[in-house]
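Descriptive analysis of the structure
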Amino acid sequence: MKDDRTVPHDPQVPKPPAAQGAWRIVEISERRVVTHALPARGAVTLGRSADAGITVDDPKVSRLHATITVGDTLSLTDLGSSNGTRVRDQALASGETVALHAGDHIDLGATLLVLQCSAQAGAPLDAWAPVSREAPAGMRDDVLLEAPAMVQLRRLVERIAPGVINVLLLGETGVGKEVFAEMVHRRSRRASGPFVRIHGAALNESLWESELFGHERGAFTGASEARAGLLEAAQGGTVFIDEVGELPPSLQVKLLRVIEERRVTRVGSTRPRDLDVRFVSATHRDLEREVAEGRFRQDLYFRLNGIALHIPPLRARVSEIEGLARLFLSEACRRSGLDGEPVLSAEALDALRAHPWPGNLRELRNLMERAALLCADGVITPEHLAFDGARVTVPAGPPSTAPTPDARALRDDLAAMEKQRILDALARCNGNQTQAAAMLQMARRTLVTRLGEYGLTRPRR
């Protein structure tokens, strides 16, 4: 085990400045639950030392344990910690850097950190809802308000948000359910409290119970310290359960009890703790059919379905496609550091409007990111729109003409992007190929083929 005193302090890593950004860290331990604001930009150290930007009061945390870097995206770097760092339940190597996303769980020693978006009542949605892997980024009210169905939905959110009723968001994968969950939270009386996002398909059953309800010391092997769960972390705020239809039956029973009693009991404990949270859930499944076929508890469905909001798919909101495409294109250029923003040709817009959009907003965002990279002359044409995924059809040249180095490099880059997306999806779904394929909007057979093409080991079930 390394001596954490040998880890050097970087004088370039400051404490959080007074100007706070859109992110915050909720620290959850047996000793306390406290919120730390992150700066708008810059780097912040996490550790036990008083010199750390965020001091974590945990003897198992190294003096300077890890660094969070805030910019257009977020990342975390392990600083050679003695007891290691885990992000999304994946252990990091010493010095390893990983991207962070809203709702991520970070384990330092016996302390759980949850990355959240700050919510300011009345603030524009895009001012505090940064890029997230699971939700369309940068969605603004002026874009959402174009289609008549969306205008009506927005008005309904304005009516129900100030109340306490539980909300169930229904719609296909990628339609923007998390955006509406955040909208409900931001317009509620809980806007100054936490917004904790939980993905129903991301963890296996044993991890789910511990993460959701917390655990006491000795509750199971490796539980060396007591720790509060995500429900307790949301005290006074909103819990958003994404893909609630994926919850296993045993957890459905326990979640129902929590909602009915408004109390939570940690794993290994007999003492319930009072809980003051609002539940917003989302699913792409037909829960009424799931209830009828015995896969989802009817009593839990009724508890979650205080009021249901049906979010229409993108193909039913054609008038929004142009505005969303330009928004996602602008974001892609900014993230990629591209000079100038390409123009969408009339033919490209016609192709976008005619596409059925099985992946909805998420598919459109990915499409615009690829188009921004493929477009070389500043005008996006239909040839730049790779509707079949990351595989791009390159117009055939003379038979004797070999691919140029630039074309070959571009195809390699696109393949690397797809490979990384697959790895990220498998990590979030704990190796479940069916769930990962659904997250990627591709058939499971296609995913298996990609695993072979990229030389990735198929996870064992």
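Residues numbered from 1 in each chain as written. Predicted model: local features only at pLDDT ≥ 70, side-chain atom pairs only at ≥ 80, totals over all residues. Heavy atoms only, no water.

Side note on the pattern of salt bridges
Summed over the entire model, instances satisfying the criterion amount to 22 salt bridges. A salt bridge links Asp350 to Arg353; its shortest N-O distance comes to 3.5 Å. With Asp350 and Arg353 both in helix α10 (residues 346-354) and 3 residues apart, this pair spans about one turn of that helix. For Arg353, a relative accessible area of 33% puts it in the partly exposed group. Connected through shared salt-bridge partners, Glu246, Arg285, Glu290, Glu293 and Arg295 make up one network. (Salt bridge = Lys/Arg side-chain N within 4 Å of Asp/Glu carboxyl O. Helix = DSSP H or I, 4+ residues; strand = E, 2+ residues; numbered from the N terminus. Buried < 20%, exposed > 50% of the residue type's maximum accessible area, 1.4 Å probe, protein only.)

Concerning the sheet that holds strand β3 (residues 42-47)
In space, the 5 strands of this open sheet follow the order β4-β3-β5-β6-β9, with mixed pairing throughout. Each of the sheet's edge strands pairs with one partner strand only, and the pair in question is β4 (54-55) and β9 (97-100). Where β3 lies against strand β5 (residues 66-70), 5 bridges are found, and the strand directions are antiparallel. Residue pairing across strands places Ala43 opposite Thr69, the latter belonging to β5. (Pairing = 2+ DSSP bridges.)

Some words on helix α3 (residues 177-186)
Burial analysis of α3 places 10 of its 10 residues in the buried class, the great majority of the element. Taken as a whole, α3 has its buried residues at Lys177, Glu178, Val179, Phe180, Ala181, Glu182, Met183, Val184, His185 and Arg186.

Some details on the packing of helix α13 (residues 433-440) against helix α14 (residues 444-453)
At their nearest, the axes of α13 and α14 sit 9 Å apart, and the two run at 100° to each other. With respect to their mutual orientation, α13 and α14 come out roughly perpendicular. Where α13 approaches α14, its residues Gln433, Thr434, Ala436, Ala437 and Leu440 are matched on the opposing element by Arg444, Leu447, Val448 and Leu451. Among the residues making up the contact of α13 with α14, the classes are represented as 6 nonpolar, 2 polar and 1 charged. (Axes fitted to C-alpha atoms, helices over the stretch in contact; angles between N-to-C directions. Parallel < 35°, antiparallel > 145°, perpendicular 65-115°, else oblique. Contact = heavy atoms within 4.5 Å. Nonpolar A, V, L, I, M, F, W, Y, C, P; charged D, E, K, R; others polar.)

Overview of the nonpolar core
Within the largest apolar cluster, 35 residues are counted, with the highest numbers of intra-cluster contacts made by Leu231, Val239, Phe279 and Phe296. The greatest single-element share of this core, amounting to 5 residues, is contributed by helix α6 (residues 249-261). Other than its neighbours up to four places away in sequence, Phe296 contacts Val244, Gly245, Gln252, Leu287, Glu290, Val291, Tyr301 and Leu304. (Core = buried A, V, L, I, M, F, W, Y, C linked by side-chain atoms within 4.5 Å.)

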